[in-house]
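Listed below are the residues making up each chain.
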Amino acid sequence: MSGYRGRFAPSPSGPLHFGSLVAAAASWLDARAAGGAWLVRIEDIDAQRSSRAAEDAILRTLAAFGLESDEGVVRQSSRSALYREAFERLERAGRVFGCRCSRREIADSAFAGEATRRYPGTCRDGLPAGEWPRAWRVRVDPGEIGFEDRVQGSCRQDLAAEIGDFLIARADGSFTYQLAVVVDDAAQGITDVVRGADLLGSTARQIWLQRLLGLPRLRYLHVPVALDAAGAKLSKQTRARGLTPADAARLLPAALAFLGYAPPAELARAPVAELLAWAVHAWSEGDIPRAAALPAPADTMPSSREISR
Ligand code: GLU
């Protein structure tokens, strides 16, 4: 095994859909092509949206697609102590402040989405007497953070200008995706992050946290996000069709095609393992479309009957 360590980190808020299958397959293929290890990490940090049933379904479906973790599956819900330790290190470095902004303002700047609004710094200089924080933010400095994405190319973001100080913890004692993902990638010795381009906009925040915590820098490869017929990202919210183990033989070729592969005709009906073995040899990041998003194949959409329900 080489030093390469990759991961697929699904949030168990619903079944795997075509877009998450593409991300899983890409990270697995990149790891295998590099002779490295591939890990599955369950990102169930948001307890309200996560379920054990969804987690089981995701793992079963991944297995049917031939994608199985090389090490025990790790769950974020059991790792709060690690996140707390990182939080306290940032606090000791004077990088954390409490924020009492409204739920709505906090929700707006909570996740990765490209539509994130810049936090204007309302609570940066302290809270008025008698006010309690609803959340904690990490301070960012002005200046661009740049990284070379292996598919999307040169990316840069000025966090102070575009995002502002961002959330790392909430008053209920929970930690945010941005903090947890950085802590976990480092703790698991991940070297390469391969995931959907919807998370391109989170990468600079994650690099910022890596820097503040003195953690190793990672390599990044963001694959195009799969869009439905209306141009929306496939997700539970847009009612993307959930995949089941029975979809493997039909949709693995579709996922490979989405990633720029053209499997030879004689492999069209090959077993999953055979198709994957071929794909590892054929893997080339240069063939992956350099786009943030692309339409998903039509048969990964809900049927008209499902839509009308
Ligand atoms: N859990 C995140 C998601 O399902 C992915 C996190 C990551 O790959 O960094 O969107």
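Residues numbered from 1 in each chain as written. Predicted model: local features only at pLDDT ≥ 70, side-chain atom pairs only at ≥ 80, totals over all residues. Heavy atoms only, no water.

*Asks:* Break down the overall build of the chain for me, with residues and values.
*Replies:* For the chain, the helix and strand inventory stands at 10 helices and 12 strands. Whereas a compact globule of 309 residues would reach a radius of gyration of roughly 19 Å, the chain reaches 20 Å, a difference of no more than 12%. Buried positions account for 50% of the 309 residues belonging to the chain. Considering only contacts in the chain between residues 6 or more positions apart, those separated by 24 or more positions represent 79%. Put simply, the chain shows about 14,200 Å² of open surface, and 52% of that area lies on carbon and sulfur atoms. For the chain, the distance from the average site of its 39 positive side-chain charges to the average site of its 37 negative ones is 4 Å. (Helix = DSSP H or I, 4+ residues; strand = E, 2+ residues; numbered from the N terminus. Rg over C-alpha atoms; globule rule 2.2 N^0.38 Å. Buried < 20%, exposed > 50% of the residue type's maximum accessible area, 1.4 Å probe, protein only. Contact = heavy atoms within 4.5 Å. Areas by Shrake-Rupley, 256 points an atom, 1.4 Å probe, with all protein chains shown as cover. Lys, Arg positive; Asp, Glu negative; His and termini not counted. Charge placed at Lys NZ, Arg CZ, Asp CG, Glu CD.)

*Asks:* Can you explain the nonpolar core? Please cite residues and give values.
*Replies:* Across soluble globular proteins, nonpolar side chains have a tendency to be buried as a group. Counting 46 residues, the largest nonpolar core has Phe 18 and Leu 67 as the members making the most contacts within it. Going through the elements one at a time, α1 (18-33), β2 (37-42), α2 (52-64), β10 (219-223), α8 (248-258) and α9 (272-282) are the ones with two or more residues in this core. Take this core: its biggest share by element is 9 residues, from α1. Setting aside its immediate chain neighbours within four residues, Phe 18 contacts Ala 226, Leu 234, Leu 243, Leu 251, Ala 254, Ala 255, Phe 258, Ala 296, Pro 297 and Thr 300. Counting 35 residues, the second-largest nonpolar core is a separate cluster that includes Phe 87, Phe 166, Phe 175 and Val 182. (Core = buried A, V, L, I, M, F, W, Y, C linked by side-chain atoms within 4.5 Å.)

*Asks:* Would you mind going over the pairing of strand β9 (residues 192-196) in detail, with residue names and values included?
*Replies:* Extensive coverage of β9 is indicated by the burial of 5 of its 5 residues. Of the strand pairs in this sheet, strand β1 (residues 5-8) and β9 are connected by 2 bridges, and their pairing is parallel. Along β9, the bridge assignment pairs Arg 7 with Val 193. Relative to β10, β9 runs parallel, the two being bridged by 5 bridges. Opposite Val 194, over in β10, you have Leu 221 as the bridge partner. With helix α7 (residues 200-213) bridging β9 and its parallel neighbour β10, the resulting β-α-β unit is right-handed. (Pairing = 2+ DSSP bridges. Right-handed = clockwise from strand over helix to strand, strands pointing away.)

*Asks:* How would you explain the sheet that holds strand β4 (residues 96-99) if you had to name every residue and give the values?
*Replies:* Across a sheet, paired strands are connected by hydrogen bonds in the backbone, their directions being either parallel or antiparallel. Strands sit in the order β4-β5-β8 across an open sheet of 3 strands; the sheet is antiparallel. For this open sheet the edge positions go to β4 and β8 (166-170), each flanked by a neighbour on one side alone. Taken over all neighbouring pairs, the strand axes of this sheet differ in orientation by 35° on average, direction set aside. Packing against the sheet, α7 makes contact with β5 (135-138) and β8, and its axis sits at approximately 70° to β8. (Axes fitted to C-alpha atoms, helices over the stretch in contact; angles between N-to-C directions.)

*Asks:* Run through the packing of aromatic side chains, naming residues and quoting values.
*Replies:* Under the counting rule described, the total for this entry stands at 9 aromatic pairs. Ring pairs connect the aromatic residues Tyr 83, Phe 87, Trp 136 and Phe 175, which therefore count as one cluster. The ring of Tyr 119 has Arg 137 lying over it, and the distance from NZ or CZ to the ring centre is 3.6 Å. (Phe/Tyr/Trp six-rings, centres within 6.5 Å; stacked < 30°, edge-to-face > 60°. Lys NZ or Arg CZ within 6 Å of the ring centre and 35° of its normal.)

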